[in-house]
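Chain by chain, the residues run as shown.
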Amino acid sequence: MDENLYTIFESRFPADRGAPLLLLEGGRVLSYGEAEEGVARYASLLAGLGLEPGERVAVQVEKSPEALLVYLACLRAGLVYLPLNNAYQSSEVGYFLGNAEPGAVIAQPRSMPWLAPIAKDLGIRHVFTLDADGSGTFTDAARSASPRFETVPRKASDLAAILYTSGTTGRSKGAMISHLNLASNARVLHAYWGFRPGDVLVHMLPLFHVHGLFVASHCVLMNGSAMRFHAKFDGARALAEFRDSTVFMGVPTFYTRLLAESGLDRAACSAMRLFVSGSAPLLAETHVEFEKRTGHRILERYGMTETGMLTSNPLDGERRAGTVGFPLPGTDVRVVDDEGRACAAGGIGHVQVKGDNVLSGYWRMPEKNKEEFTADGFFRTGDVGSISEDGYLSIVGRSKDLIITGGYNVYPKEIELLLDEFPGVAESAVVGVPHPDFGEAVTAVLVPRAGAKLPPEGEIVAWLKQRLANFKVPKRVHVVDDLPRNAMGKVQKNVLRDRYGAPGN
Ligand code: MCA
Ligand code: AMP
């Protein structure tokens, strides 16, 4: 039986293929029929290059309708989609390409001066451009490709995508996501959040991470309905779109920015039926304030790149602020102590999960697979939580050293390793401190070598900007004589967080 995710989507497309899939800025519309034809052409082009099912296609492009169709074309052609955040710089991209060994790369034209040589060195056979306006060598070549394509059948366990997530060691790991992982989560979310004919989703998330690419887009494709598709988040525009839309999904920063819009009120949101938040903790005060202004209780859910969505507050029933709700159907969620024993209700412990939505392992890292899964097959999320008597999960912290800033993950180790290379730096520590817009902000603390004088903060930040995606670059860099350490010699990051998290730092 064919378990290709694209086949599942296709079976849910509207009978009238003239119905809209994408409602674009300036009133442009992309219908399901047009999308289907575009996907077929792109799949024909990719398959025609001689790429075999299972080969990777790396994509680092701006969000555009074409970018969405490239993803669907990879599914359809049995290729493994490898999306890359377009903020990643050359050294980051070089690592991903070297590790994943894609057969083709599609990237922004402006990246070509540095990306083409990397691809050549790595022996990547096909390199295409795709710009934000849909132009580029990829779409040029697709024009003469066949508008008919027979979907390549896939088994449930075949890979659909690889998504890189950074790690606590500073080395990124490729999460291997199968057709079943995606299909099971798409089916569950579509039902759990009550998608129905005529729903219109406002899509302002980036397309290179799970939230925008899978959670939001898949609900729409499973529903055969339309989404208002924007290149990026814009509060005023979102408000205008809410007037004739029904569903919105965003990271907490989207909601705090919406609250800053004076026009956010009940009337502006009267057509909407559902606001979903995730990727980072939503402050209870944001939840309360949003309800006061709009009458809507935000539905908070919790997930990971490796697992898709794991828990959700209910559609009908109490959406409890400060919690991420119940395990989704088909997902086992448990909270255990350091010895792996289940915690009693209300007890705080490690969150572990199991289900069809959970990845099979990391790309070419068998040792990580052993570390990240328990003997009985549960995945260790690295989150610390507790489950209440009545079954609501709360995420209360993380055992992994991770900062989430505006919904993007930053692993301090990666930044520390780089800072340690900065001339004159003896050691460094990177922590997350509270930030009104991004939730947490990356902050660096440096200790100079004996006798060395470090340049002004701005110079260090400029140096980092050339080497790191912009959201990873510390908002502040502090220089100190010593880092605070405990009796074991371990840096006390909590002390640094308290010191630099105070207002005015
Ligand atoms: C941009 N900047 C940031 C961030 N974004 N700094 C920290 N954190 C960020 N997230 C910096 C830029 O480097 C720049 O600094 C300045 O802010 C303005 O940049 P700009 O591009 O104009 O910002 P923006 O367009 O306003 O973007 C903010 C944003 C965006 C809209 C919140 O970051 C965003 O769309 N975030 C969503 C991330 C997401 O989709 N996460 C889901 C991951 P400078 O001027 O110094 O260069 S999936 C996931 O986590 C799991 C699976 C889950 O549960 O969903
Ligand atoms: P990522 O690696 O980008 O998939 O990020 C996954 C991590 O984001 C999880 O392990 C959590 O730490 C965090 N996360 C996602 N959703 C929530 C939420 N609603 N509340 C708290 N943390 C969340």
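Here's a quick rundown of the structure.

Parameters at a glance
Residues numbered from 1 in each chain as written. Chains lettered and ligands numbered in written order. Predicted model: local features only at pLDDT ≥ 70, side-chain atom pairs only at ≥ 80, totals over all residues. Heavy atoms only, no water. Helix = DSSP H or I, 4+ residues; strand = E, 2+ residues; numbered from the N terminus. Rg over C-alpha atoms; globule rule 2.2 N^0.38 Å. Buried < 20%, exposed > 50% of the residue type's maximum accessible area, 1.4 Å probe, protein only. Contact = heavy atoms within 4.5 Å. Areas by Shrake-Rupley, 256 points an atom, 1.4 Å probe, with all protein chains shown as cover. Near = heavy atom within 4 Å. Polar contact = N/O pair within 3.5 Å; in protein donor to acceptor, adjacent residues only side chain to side chain. Nonpolar A, V, L, I, M, F, W, Y, C, P; charged D, E, K, R; others polar. 1 Å grid on protein atoms, 1.4 Å probe; cavity = no way out; pocket = protein on both sides within 12 Å on 5 of 7 lines; lining within 4 Å. Points joined across faces, edges and corners; volume = space filled by probe spheres on them. Phe/Tyr/Trp six-rings, centres within 6.5 Å; stacked < 30°, edge-to-face > 60°. Lys NZ or Arg CZ within 6 Å of the ring centre and 35° of its normal. Pairing = 2+ DSSP bridges. Salt bridge = Lys/Arg side-chain N within 4 Å of Asp/Glu carboxyl O. Arc of directions from axis to C-beta.

**Description of the overall build of the protein chain**
Working step 1: Tallying secondary structure elements over the protein chain gives 15 helices and 25 strands in all.
Working step 2: Expected size for 505 residues packed as a compact globule is a radius of gyration near 23 Å; at 23 Å, the protein chain falls within 12% of this value.
Working step 3: Taking the principal axes of its C-alpha atoms as reference, the protein chain extends roughly 70 × 55 × 50 Å.
Working step 4: The buried share of the protein chain, taken over its 505 residues, is 57%.
Working step 5: Within the protein chain, residue pairs in contact and separated by at least 24 positions form 66% of the contacts whose partners lie at least 6 positions apart.
Working step 6: Accessible surface computed for the protein chain: about 20400 Å², of which carbon and sulfur atoms make up 51%.

**Comments concerning the site of ligand 1**
Working step 1: Residues in contact with ligand 1 amount to 26 residues; listed here are only the nearest, K232, R257, S279, R301 and T405.
Working step 2: Here an oxygen atom of ligand 1 and a side-chain polar atom of R257 are 2.7 Å apart.
Working step 3: Note that a nitrogen atom of ligand 1 is positioned 2.9 Å from one of the backbone N or O atoms of G407.
Working step 4: Computed on the free molecule, ligand 1 has an accessible area of 1000 Å², of which 76% lies beneath the protein chains in the complex.
Working step 5: Elements that contribute at least two residues to the shell around ligand 1 include exactly α8 (210-223), α10 (252-259) and β13 (299-304).
Working step 6: Partitioning the shell around ligand 1 into residue classes produces eleven nonpolar, ten polar and five charged.

**Some details on the layout of surface pockets**
The method is simple in principle: a probe with the dimensions of a water molecule rolls over the atoms, and the space it marks as empty is what remains.
Working step 1: In this structure, the second largest pocket spans a volume of roughly 500 Å³.
Working step 2: In this structure, the second largest pocket is lined by 25 residues; those nearest its centre are D401, V430, V431, K493 and R497.
Working step 3: Mapped onto the lining of the second largest pocket, the elements with two or more residues apiece are α13 (412-419), β23 (425-435), β24 (439-448) and α15 (493-501).
Working step 4: In terms of residue class, the lining of the second largest pocket is made up of ten nonpolar, five polar and ten charged.

**Observations regarding the packing of aromatic side chains**
Working step 1: Under the counting rule described, the total for this entry stands at 24 aromatic pairs.
Working step 2: A ring pair is formed by F275 and F290, whose centres lie 5.0 Å apart and whose planes are at 70 degrees; its orientation type is edge-to-face. In this pair, F275 sits in strand β12 (residues 274-277) while F290 sits in helix α11 (residues 284-294), placing the two residues 15 residues apart along the sequence. We note that F275, like F290, is buried.
Working step 3: Three or more aromatic residues joined by ring pairs make a cluster, and in this case those are F233, F242, F248, F254, Y255, F275 and F290.
Working step 4: A cation sits over an aromatic face here: K63 above F229, 4.8 Å from the ring centre.

**Structural notes on the site of ligand 2**
Working step 1: What surrounds ligand 2 is a group of 15 residues, the closest being R301, T305, D383, K400 and N409.
Working step 2: Contacts to ligand 2 include S279, whose backbone N or O atom sits 3.1 Å from a nitrogen atom.
Working step 3: Take K400: an N or O atom from its side chain is 2.6 Å from an oxygen atom of ligand 2.
Working step 4: Burial of ligand 2 by the protein chains amounts to 91% of its free accessible area of 500 Å².

**Thoughts on the pairing of strand β19 (residues 379-387)**
Working step 1: Among the nine residues of β19, seven are classified as buried, and the element is accordingly described as predominantly covered.
Working step 2: In the sheet, β19 pairs with strand β20 (residues 393-398) via five bridges, with the strands oriented antiparallel. Among the inter-strand pairings, I387 is bridged to a residue of β20, identified as L393.
Working step 3: Taken together, β19 and the strand that follows it, β20, pair antiparallel across an intervening segment of five residues, in which G391 is found at a positive phi of about 95 degrees.

**Considering the pattern of salt bridges**
Working step 1: Under the defined criterion, the tally for this structure stands at 28 salt bridges.
Working step 2: With a closest N to O distance of 2.8 Å, D401 and K493 form a salt bridge. Taken as a pair, D401 in the loop between β20 and β21 (403-405) and K493 in helix α15 lie far apart in primary sequence, 92 residues in all.
Working step 3: K493 sits in the buried class, given a relative accessible area of 14%.
Working step 4: Each of the salt bridges in this network shares a partner with another, and the network as a whole consists of E92, E414 and K472.

**Quick notes on empty space enclosed by the protein**
Working step 1: Within the structure shown, the criterion is met by three cavities of 30 Å³ or more.
Working step 2: The calculated volume of the largest cavity comes to roughly 130 Å³.
Working step 3: Secondary-structure elements contributing two or more residues to the lining of the largest cavity are α7 (179-192) and α8.
Working step 4: Counted by class, the lining of the largest cavity contains eight nonpolar, seven polar and no charged residues.
Working step 5: Of the pockets and cavities examined, the second largest cavity occupies roughly 50 Å³.
Working step 6: Around the second largest cavity, the lining residues are P83, L84, N85, Y88, L163, Y164, F208 and H209.

**Remarks on the sheet that holds strand β9 (residues 200-203)**
Working step 1: Here we have nine strands laid out as an open sheet, ordered β2-β1-β10-β9-β11-β12-β13-β14-β15, and mixed in their pairing. Pairing within the sheet leaves two strands with one partner each, and these edge strands are β2 (29-31) and β15 (326-327).

**A closer look at α11**
Working step 1: Among the residues making up α11, those that are buried are T286, H287, F290 and T294. Down the axis of α11, the buried set is contained in an arc of 100 degrees. They therefore lie on one face. Residues of α11 that are exposed and point more than 90 degrees away from the buried face comprise E285 and K292.
Working step 2: Packing partners of the buried residues in α11 comprise α10 and β12.
Working step 3: Immediately beyond the C-terminal end of α11, within one or two residues, lies G295, with a positive phi of roughly 85 degrees.

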